[in-house]
Amino acid sequence: MTATGTPPSETAGRTPLLAVHEAAGAQLIDFAGWAMPVRYGSDLAEHQAVRERAGLFDLSHMAEIRVRGAESAAFLDHALAGRLSAIELWQAKYSLLLAEQGGIVDDVIVYRTAGTGTGASEFLVVANASNRTAVLDALAARVAGFDATIADETDDTALVAVQGPAAAAIVGAIGLESEPIEQLRYYRSLPAVFEGEDALLARTGYTGEDGFELYIAAHAAEDLWRALVLAGEAHGLALCGLAARDTLRLEAGMPLYGHELSLDTLPAQVGLGRVVALKTKGDFVGRSAVEAGPAEDAPVLVGLTAEGRRAPRAGYPVLDGDRVVGTVTSGALSPTLGHPIAMALVEPGSATSDSLSVDVRGTRLPAAATDLPFYTREARA
């Protein structure tokens, strides 16, 4: 995504928090067919709030799909690239939905909300808003022959995220009925109750910081939001839009579908070969293509850093010497690091070249290939 965008159309999806965003003066754009806040004020201030204190995000445009049944675990093992039958109750797992040809239909997070092992279970699959239909269609096609059901709960579910060093203090102050959140590990979740409404509290996020994501019924979203805002007043909580979320995830080296991930890229090309359970489970959709691997000349994902203030943007050409060898997939002037950063898909022979540059509107910007992520909270500490 970019920090700018077109205003939402009259037919754009409305999250349960749209009125709250409008009242807060958010700039709204059309993102994946939804009216979403891109910023409330300053992109930089919102970004810094998450790195230094905490930020609050509306993520209710994401797709929530419930999978239930005696063979739901076996079904997800078949449908997704990861071994979902192995995750524990209330554990979360990042996974990929692959096409037969090995390309990425979407990247998803899966929570186990009932059951263990390969027996009767329940899972929550969270997909990108832009791929809601594609994911639902793929799962519906792949469930044939399994004792499992699929239910789209997106329109009935709100999702908000609190991210940053003060996230635990803020979430802990809103009166959630749950086990102590301090004991919740990363990529684990808890059942919770907020003002009589069932909720799911997960220690997950897309910013590179500690944080929580809360799933709750859509009609309770405004009350939850206001409670978080009130609890956050003592901690410098900022309302944050999609622009800050994009620069935060870029610094953390996290891929975004439609930029780093697509049907044209195999997991190994973008550093996600580890997500595919080739050694620990049997057949699944896309396995043969993943085993065959990408073509020898298929582009690979690299991190790029540069000096100055001019930022590479998605779509800008990457050169090795005088030859175009790839394309920037995401780029920005890093608010935390103070210099330009980017991710790019480049020819494998140029992935470690010391003569890379980016064509920034006709000007060559020297760039150095670097390992991802650009930023970790551990390194900053």
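As the structure is a computational prediction, the values presented were derived from the model and not from experiment.

(A) Representation of the overall build of the chain within the structure. Each helix and strand counted, the chain has nine helices and 20 strands in total. By the compact-globule yardstick of 21 Å for 381 residues, the chain fits well, its C-alpha radius of gyration being 21 Å. A principal-axis box enclosing the C-alpha atoms of the chain has dimensions of 60 × 50 × 45 Å. The buried share of the chain, reckoned over its 381 residues, is 56%. Intrachain contacts of the chain at a sequence separation of at least 6 include 66% that bridge at least 24 residues. Of the roughly 15700 Å² that the chain leaves accessible, carbon and sulfur atoms contribute 50%. When the 29 basic and 49 acidic side-chain charges of the chain are each reduced to a single mean position, those positions are 4 Å apart.

(B) Focus on unusual backbone geometry. Cis geometry is adopted by the peptide bond preceding P373, which originates at L372 and carries an omega value of 0°. With phi around 55°, A32 is a residue other than glycine that occupies positive phi space. With respect to the helices, strands and loops of the structure, A32 is situated in the loop between β2 (27-31) and β3 (34-39). Assessed through its relative accessible area of 34%, A32 is described here as partly exposed. Positive phi, close to 50°, is recorded for E195, a residue that is not glycine. The topology assignment puts E195 in the loop between β11 (189-194) and β12 (197-202). For E195, a relative accessible area of 58% corresponds to the exposed category.

(C) Main features of the UniProt feature "domain: GCVT N-terminal" (unreviewed entry) in the chain. Taken from the UniProt record, the annotation "domain: GCVT N-terminal" (unreviewed entry) applies to residues 19-279. With 23% helix and 30% strand, residues 19-279 has its two end C-alpha atoms placed 48 Å apart.

(D) Inspection of the nonpolar core at higher detail. Residues V162 and L228 are the most contacted members of the largest nonpolar core, which totals 37 residues. In terms of residue count, the dominant contributor to this core is helix α6 (residues 221-232) (six residues). Setting aside its immediate chain neighbours within four residues, V162 contacts A54, G55, L56, A167, I170, V171, G211, F212, L228 and L237. Counting 24 residues, the second-largest nonpolar core is a separate cluster that includes A63, I65, A127 and V143.

(E) Summary view of the sheet that holds strand β5 (residues 63-69). Reading across the sheet, the five strands line up as β6-β7-β8-β5-β9 and stay open at both edges, with antiparallel pairing between neighbours. Two strands bound the open sheet, and with one partner strand each, they are β6 (92-98) and β9 (149-152). In this sheet, neighbouring strand axes are inclined to one another by 30° on average, regardless of whether the strands run parallel or antiparallel. Here four bridges tie β5 to β9, and the two strands are oriented antiparallel to one another.

(F) Expanded view of the pairing of β3. Counting buried positions along β3 gives six out of six residues, so the element sits mostly inside the fold. Bridge analysis of strand β1 (residues 13-14) against β3 gives two bridges, and the strand direction is parallel. Its bridge partner being in β3, G13 is matched across the sheet by W34. With five bridges joining them, β2 and β3 adopt antiparallel strand pairing. Bridge assignment links F31 to a residue of β3, and that residue is W34.

(G) Looking closely at the side chain of R188. Examined against the element boundaries, R188 turns out to sit in the loop between α5 (167-171) and β11. Of the buried charged residues, R188 lacks a salt bridge, with E88 as the closest side chain of opposite charge at 4.1 Å. Dropping the residues within four chain positions of it, R188 is found in contact with E88, W90, Q91, L201, A202 and R203.

(H) Here's a closer look at helix α3 (residues 72-79). Counting buried residues in α3 gives six out of eight residues, a clear majority hidden from the surface. When α3 is considered as a whole, its buried residues turn out to be S72, A73, F75, L76, D77 and A79. Where α3 is buried, its residues touch β5, β6, β7 (104-114), β8 (121-127), α4 (132-142) and β9.

Rules and cut-offs
- Residues numbered from 1 in each chain as written.
- Predicted model: local features only at pLDDT ≥ 70, side-chain atom pairs only at ≥ 80, totals over all residues.
- Heavy atoms only, no water.
- Helix = DSSP H or I, 4+ residues; strand = E, 2+ residues; numbered from the N terminus.
- Rg over C-alpha atoms; globule rule 2.2 N^0.38 Å.
- Buried < 20%, exposed > 50% of the residue type's maximum accessible area, 1.4 Å probe, protein only.
- Contact = heavy atoms within 4.5 Å.
- Areas by Shrake-Rupley, 256 points an atom, 1.4 Å probe, with all protein chains shown as cover.
- Lys, Arg positive; Asp, Glu negative; His and termini not counted.
- Charge placed at Lys NZ, Arg CZ, Asp CG, Glu CD.
- UniProt positions renumbered as here; feature names shortened; annotations may be inferred.
- Core = buried A, V, L, I, M, F, W, Y, C linked by side-chain atoms within 4.5 Å.
- Pairing = 2+ DSSP bridges.
- Axes fitted to C-alpha atoms, helices over the stretch in contact; angles between N-to-C directions.
- Salt bridge = Lys/Arg side-chain N within 4 Å of Asp/Glu carboxyl O.

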